[in-house]
Amino acid sequence: MSVLVLILAVSAACCVGFGFVLQQNAAQRAPLNDFLSPRLLLDLMQVPRWLGGIALMVAGMVLGAIALSQGEISLVEPLLATNLLFALALSRKQTRQPLGRQGWTGLALLAGGVTAFIVAGEPRGGTAVTDPFRHWLIIGAMIGLALLLTTYAKRSRLSAAPVLLALAAGLLYGVQDALTRVSGERFTQGGLTELATGWQPYGVAALGVAGLILVQSAFETAPLRMSLPALTAAQPLAGILCGVGFLGDRLRTDTGALAWEAAGLAAIVSGIVLLGLHPCMPSGTAKPERVQALQRG
């Protein structure tokens, strides 16, 4: 694994993790009638803390894009999932809660899972699939599932709406990472002309805006621990699926390697859940009646 890719991906995770905490601090005070509306972003643009969080997230996305241009998405995505460690660090500073057994266990599972997946899978580049049907099948399935989750979250009277929105956003961000990789390849091959004539960069922008609205709506209606684990778990899984499905990423497929890869992904998800549900994650000032009022409306 390239040291440069490691540094870029972990730096991106740091910026994104810090950015998510600052965004949630601001979003949970936004008006509920902006739920799932572009107006939510317009309102939040007036909050300096939210702008700082967005600046950090944009910096993380840029670093992540550079990492994706230098390494396989199946390698970069697990590293980006460590953003939860940095979110936990900032949240712990805000709440002054000790890590405790749950925190240390989650940290060990996340770090160990990332290491196990990368070491066992040995992600490496290959020949990208040229069949457009394969591309659209996988991308369509991810976007379709995200739309289904969003629709159910909007109509549901259950308190699971923030989790469903975060899952949907994670799926969109995973596809966005894959299209970012393709856009980088087009730029390398033909410069700005080649990049501008493809649909992928516009897809990156559209998915970014849609994902941002979903994330901020999830942050608006519930504590960070309700949404961040789902977001952080869904993004790498969707990205790896795109990488192996049509970007040409290759992983070891012998029985032992597959077992360790599956165990690594399971450990990553388990660690994310434990860390995301840690008491030090800020609960904000969102009240249960806010969500109930939204669901009734």
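Residues numbered from 1 in each chain as written. Predicted model: local features only at pLDDT ≥ 70, side-chain atom pairs only at ≥ 80, totals over all residues. Heavy atoms only, no water.

(A) Region of interest: the overall build of the protein. A tally of helices and strands in the protein yields twelve helices and zero strands. From first element to last, N terminus to C terminus, the protein shows the α and β order α-α-α-α-α-α-α-α-α-α-α-α. Along the longest, intermediate and shortest principal axes, the C-alpha atoms of the protein span 50 × 45 × 30 Å. For the protein, restricting intrachain contacts to residue pairs at least 6 apart in sequence, the fraction spanning at least 24 positions comes to 87%. In the structure as shown, the protein presents an accessible area of about 13,300 Å², 67% of it carried by carbon and sulfur atoms. Computing the positive centroid from 20 side-chain charges and the negative centroid from 14, the protein places the two 13 Å apart. (Helix = DSSP H or I, 4+ residues; strand = E, 2+ residues; numbered from the N terminus. Contact = heavy atoms within 4.5 Å. Areas by Shrake-Rupley, 256 points an atom, 1.4 Å probe, with all protein chains shown as cover. Lys, Arg positive; Asp, Glu negative; His and termini not counted. Charge placed at Lys NZ, Arg CZ, Asp CG, Glu CD.)

(B) Seen up close, unusual backbone geometry. The phi torsion at E122 lies on the positive side, around 45 degrees, for a residue other than glycine. Looking at where E122 falls in the secondary structure, it is placed in the loop between α6 (100-121) and α7 (132-155).

(C) Broad picture of the packing of aromatic side chains. If you walk through the whole model with that rule in mind, you get three aromatic pairs. Taken together, a centroid distance of 5.9 Å and an interplanar angle of 80 degrees make the contact between F20 and F219 edge-to-face. Residue F20 is located in helix α1 (residues 3-27), and its partner F219 is located in helix α9 (residues 200-221); the two are separated by 199 residues in the primary sequence. Here the two residues F20 and F219 agree in accessibility, since each one is buried. Judged by centre distance (4.7 Å) and plane angle (25 degrees), the ring pair of W136 and W199 falls under stacked. Of the two residues, W136 sits in helix α7 while W199 sits in the loop between α8 (161-196) and α9, which places them 63 residues apart along the sequence. (Phe/Tyr/Trp six-rings, centres within 6.5 Å; stacked < 30°, edge-to-face > 60°. Buried < 20%, exposed > 50% of the residue type's maximum accessible area, 1.4 Å probe, protein only.)

(D) View of a nonpolar patch on the surface. A contiguous nonpolar surface patch, about 290 Å² in accessible area, is contributed by L42, M45 and L51. Among the secondary structure elements, L42 is positioned in helix α2 (residues 39-44). (Patch = residues over 30% accessible without salt bridge, like charges linked within 9 Å, V, L, I, M, F, W, Y side chains within 5 Å. Salt bridge = Lys/Arg side-chain N within 4 Å of Asp/Glu carboxyl O.)

(E) Focus on the side chain of E77. Examined against the element boundaries, E77 turns out to sit in helix α4 (residues 73-80). Buried within the structure, E77 lacks any salt-bridge partner; its nearest side chain of opposite charge belongs to R181, at an N-O separation of 9.2 Å. In this structure, E77 is in contact with G174, D177, Q235, P236, G239 and I240, ignoring residues within four places of it in sequence.

(F) Structural detail: the pattern of salt bridges. Applying the stated criterion across every chain yields a total of five salt bridges. Residue D249 is joined to R181 by a salt bridge in which the shortest nitrogen-to-oxygen separation is 3.6 Å. Of this pair, D249 sits in the loop between α10 (224-245) and α11 (255-276) while R181 sits in helix α8, placing them 68 residues apart in sequence. Judged by its relative accessible area of 4%, D249 falls in the buried class. For R252, the salt bridge identified is with D254, shortest N-O distance 3.2 Å.

(G) Seen up close, the environment of A67. Note that A67 resides in helix α3 (residues 48-70). Sequence separation between A67 and S2 is 65 residues, and the spatial gap between their C-alpha atoms is 9.9 Å. Among residues more than four places away in sequence, those in contact with A67 are V5, L8, A9 and V76.

(H) Geometry of the environment of G211. Position of G211 among the secondary structure elements: in helix α9. On a C-alpha basis, the gap between G211 and A169 in space is 4.7 Å, while along the polypeptide they are 42 residues apart. Ignoring anything within four residues of it in the chain, the contact list for G211 reads A169, L172 and Y173.

(I) Spatial organisation of the packing of α6 against α11. Contact pair α6 / α11: the axes reach a minimum separation of 7 Å and the direction vectors enclose 155 degrees. Considering the angle they form, α6 stands roughly antiparallel to α11. The way α6 lies across α11 gives a crossing that is left-handed. In terms of residue class, the contact of α6 with α11 is built from 15 nonpolar, nine polar and one charged. (Axes fitted to C-alpha atoms, helices over the stretch in contact; angles between N-to-C directions. Parallel < 35°, antiparallel > 145°, perpendicular 65-115°, else oblique. Left-handed = near helix turned anticlockwise from the far one by under 90°. Nonpolar A, V, L, I, M, F, W, Y, C, P; charged D, E, K, R; others polar.)

(J) Focus on the packing of α1 against α4. Running from N to C, α1 and α4 point in directions that differ by 40 degrees, and their axes come no closer than 8 Å. As the angle between them shows, α1 and α4 are arranged oblique. For the element pair α1 and α4, the recorded crossing hand is right-handed. Of α4, the residues touching α1 (which contributes V5, L6, A9, A12 and A13) are L75, V76, L79 and L80.

(K) Local environment of the nonpolar core. Of all hydrophobic cores here, the largest spans 77 residues; its most connected members are F20, L228 and L231. Of all the elements, α8 adds the most residues to this core, at 13 residues. Those residues in contact with L228, other than ones at most four positions away along the chain, are F20, L84, A87 and M281. (Core = buried A, V, L, I, M, F, W, Y, C linked by side-chain atoms within 4.5 Å.)

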